[in-house]
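Topology and contacts: notes
Take a look at the letters that make up each chain.
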Amino acid sequence: MKTLIQTLTIAFLSITTATTWAQSTQDTVKKEPVKPSTEEKKSEWYQKISIRGYVQARYNRLLETNGQVRNEQGDRSIGSNGGFFLRRVRVIFSGQVHKKVYFYVQPDFASSASSDNLHFGQLRDAYVDLGIDNDNEFRFRVGQSKIPFGFENMQSSQNRLPLDRNDGVNSAVANERDLGVFFYWAPKEIRHLFATLVSSGLKGSGDYGVFAFGAYNGQTANKPEANNTPHIVSRLTYPIKIGKKQIIEPGIQAYTGKYVLTSLTSGVVSKTKNEYTDQRVAATFVLYPQPFGIQAEYNWGTGPEFVSNGANGKGEIAQRHLEGGYVTASYLTKAGGQILIPFTRYHYYNGGKKHELDARSYNVRELELGLEWQPHKNFELVTEYTLTKRKFEDAAKPFNWQKGNLLRIQAQLNF
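So, a few notes on the structure that sits alongside this text. (Residues numbered from 1 in each chain as written. Predicted model: local features only at pLDDT ≥ 70, side-chain atom pairs only at ≥ 80, totals over all residues. Heavy atoms only, no water.)

1. Quick notes on the overall build of the protein chain
Within the protein chain, the regular secondary structure consists of six helices and 18 strands. Residue burial in the protein chain is summarised as follows: out of 415 residues, 47% are buried. Of all intrachain contacts in the protein chain linking residues separated by at least 6 positions in sequence, the fraction that spans at least 24 positions is 61%. Surface accessibility of the protein chain: about 20,700 Å² in total, with carbon and sulfur atoms responsible for 61%. (Helix = DSSP H or I, 4+ residues; strand = E, 2+ residues; numbered from the N terminus. Buried < 20%, exposed > 50% of the residue type's maximum accessible area, 1.4 Å probe, protein only. Contact = heavy atoms within 4.5 Å. Areas by Shrake-Rupley, 256 points an atom, 1.4 Å probe, with all protein chains shown as cover.)

2. Details of the packing of aromatic side chains
Within this structure, the stated rule accounts for twelve aromatic pairs. A ring pair is formed by Tyr 104 and Tyr 127, whose centres lie 5.2 Å apart and whose planes are at 10 degrees; its orientation type is stacked. Taken as a pair, Tyr 104 in strand E3 (residues 101-111) and Tyr 127 in strand E4 (residues 120-131) lie far apart in primary sequence, 23 residues in all. Like Tyr 127, Tyr 104 is buried. Look at Tyr 184 and Tyr 208: their rings are 6.3 Å apart centre to centre, the planes differ by 70 degrees, and that puts the pair in the edge-to-face class. Linking Tyr 184 in strand E6 (residues 177-185) with Tyr 208 in the loop between helix H6 (188-199) and strand E7 (211-216), this pair joins segments that are 24 residues apart in sequence. Under the relative-accessibility criterion, Tyr 184 is labelled buried at 0%. By relative accessible area, Tyr 208 is classed as buried at 11%. Every member of this aromatic cluster is reached through a ring pair, and the members are Phe 138, Phe 140, Phe 183, Trp 185 and Phe 211. (Phe/Tyr/Trp six-rings, centres within 6.5 Å; stacked < 30°, edge-to-face > 60°.)

3. Here's the deal with the side chain of Arg 160
Within the element layout of this structure, Arg 160 appears in the loop between helix H4 (151-154) and helix H5 (167-170). For the buried Arg 160, no salt bridge exists, and the shortest N-O distance to an oppositely charged side chain is 5.0 Å, to Asp 164. Here the side chain of Arg 160 touches Leu 163 through a polar contact of 2.9 Å, landing on its backbone oxygen. Leave out the neighbours within four places in its chain, and Arg 160 touches Arg 88, Glu 152, Gln 155, Arg 165 and Glu 372. (Lys, Arg positive; Asp, Glu negative; His and termini not counted. Salt bridge = Lys/Arg side-chain N within 4 Å of Asp/Glu carboxyl O. Polar contact = N/O pair within 3.5 Å; in protein donor to acceptor, adjacent residues only side chain to side chain.)

4. Overview of the pairing of strand E17 (residues 379-393)
Inspection of the sheet shows strand E16 (residues 361-376) paired to E17 by 14 bridges, in the antiparallel sense. Counted as the bridge partner of Trp 373 is Leu 381 from E17. (Pairing = 2+ DSSP bridges.)

5. Digging into H6
Across its twelve residues, H6 extends 17 Å between first and last C-alpha, which sits within 8% of the 16 Å expected from 1.5 Å per residue. Residues of H6 that are buried: Ile 190, Leu 193, Phe 194 and Leu 197. Down the axis of H6, the buried side of the element spans an arc of 105 degrees, and every buried residue falls inside it. When the buried face of H6 is taken as reference, the exposed residues oriented beyond 90 degrees from it are Glu 189, His 192 and Ser 199. Those residues of H6 that are buried lie in contact with strand E8 (231-237), strand E9 (240-242) and strand E10 (246-260). Backbone geometry just after H6 places Gly 201 at a positive phi near 85 degrees. (Expected span 1.5 Å × (residues − 1). Arc of directions from axis to C-beta.)

6. A closer look at empty space enclosed by the protein
Under the defined criterion, the tally for this structure stands at three cavities of 30 Å³ or more. As for the largest cavity, its lining consists of 17 residues, of which Gln 155, Leu 161, Lys 203, Gln 295 and Ser 330 are closest to the centre. Elements with a contribution of two residues or more to the lining of the largest cavity: strand E11 (275-287), strand E12 (292-307) and strand E13 (316-331). Taken together, 16 residues form the lining of the second largest cavity, with Asn 71, Ile 78, Glu 366, Arg 390 and Arg 408 sitting closest to its centre. Taken together, the elements giving at least two residues each to the lining of the second largest cavity come down to strand E15 (338-352), E16, E17 and strand E18 (401-414). At three residues, the largest contribution of residues to the lining of the second largest cavity is made by E17. (1 Å grid on protein atoms, 1.4 Å probe; cavity = no way out; pocket = protein on both sides within 12 Å on 5 of 7 lines; lining within 4 Å. Points joined across faces, edges and corners; volume = space filled by probe spheres on them.)

7. Focus: the pattern of salt bridges
All chains considered together, the criterion is met by 27 salt bridges. For the salt bridge of Asp 167 with Lys 353, the shortest nitrogen-to-oxygen distance reads 2.6 Å. A residue pair is termed long-range when its members are at least 10 positions apart, and Asp 167 in helix H5 and Lys 353 in the loop between E15 and E16 qualify at 186 residues. This pair shows no difference in class: Asp 167 is buried, exactly as Lys 353 is.

8. Observations concerning the pairing of E6
In the sheet, strand E5 (residues 138-146) pairs with E6 via nine bridges, with the strands oriented antiparallel. Note that in E6 the partner of Phe 140 across the bridge is Phe 183.

9. Examining a nonpolar patch on the surface
Taken together, the side chains of Val 128, Leu 130, Ile 132, Phe 138, Phe 140, Val 142 and Val 181 present a nonpolar region at the surface, about 520 Å² in accessible area. Mapped onto the nonpolar patch, the elements with two or more residues apiece are E4 and E5. Ranked by residue count, the leading element in the nonpolar patch is E5, at three residues. Structurally, Val 181 can be placed in strand E6. (Patch = residues over 30% accessible without salt bridge, like charges linked within 9 Å, V, L, I, M, F, W, Y side chains within 5 Å.)

10. Points about the side chain of Ser 94
With respect to the secondary-structure elements, Ser 94 resides in strand E2 (residues 85-98). Apart from the residues within four sequence positions on either side, Ser 94 is in contact with Lys 48, Ile 49, Ser 50, Tyr 102, Phe 103 and Tyr 104.

11. Observations concerning unusual backbone geometry
Following Gln 290, the chain continues into Pro 291 via a peptide bond in cis, with omega recorded as -5 degrees. Position of Pro 291 among the secondary structure elements: in the loop between E11 and E12. For Asn 136, which is not glycine, the phi dihedral falls at a positive 55 degrees. Judged by relative accessible area, Asn 136 falls into the buried class, the value being 11%. In this structure, Asn 274 takes a positive phi of about 55 degrees despite not being glycine. Position of Asn 274 relative to the elements: it lies in the loop between E10 and E11.

Encoded structure:
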């Protein structure tokens, strides 16, 4: 028995000593770092999301010759009682949260709740892009976003040269946006070119595909649908390189639908259910400024328009032809890290504006002479002298022609 106990004791001590020695030896060996798993390699959420934006402050009253000139669809601080004005205060949240999923949300904090209440927050964009292939050459866009109609409509106000969009093409869609579903297609290399035309300062429109097709409510952004007929839109555009430097981009687009007037003066005659055919087709040509640039568009169509000689003396809303467009010429120069872009634009429009009171009747002829100065990428200053002649008539003002000139100034912060 004594011998067995001694044998077990010796065996236990031997095992303990060997284990202690092995652990000691292992501790002296340099440990290799543990490689992160596939999940650990993925970026955190804050590395996938970007935040950027811009602020535009304006003053329009210098050298003003007629305080009755107005532009309801554009800058509402133009004319009498207009002072310093925040035109836009945008903050943009976006991110590629999955290789086939991209989101974009943009509120604006300079919206007007009424004529005497400013700087309310309002949603501009809220959409998701769902890619079909690995390069996202084919994708669907779902939510509130810009309607693919018109180059200048899709061109961000952060990049556009003239201070406001032209009346002719912009009257197609107020605030350029609506709720809908859109299909976009563009080859990978063209998507890259679309992005470069913006990031390089060449005033591109952004990536809205080479081909676009979609359906949307048709009552414009932040408004509910008012009938059972969605609008249908399609667009085809293609940037073409000429030689080593020049790039042109021709395009064509069209939409069709039924629009319901929601803002009418009592007594004005209108169609049953206030519903009108809303159709347009437009052509686009762009020569990107390297250094000389041209941007031109023209559209034709039909829509509601106020007519002052209505049957009851108050006027009526008729289905009428409309047309209009613009041409912008510019010259981009760089000196000492600064950018100067003199530009001029002439635009014309004859027709109604469906989203305004009584589908106001417009006849616009306007010439603008401007200069954009960029001392660095975070600040821009634009001065623009405008010579305008506008007819805008509704039931309250059935005979309203205004002519005048004014000097406009805008300071823009980019962040």
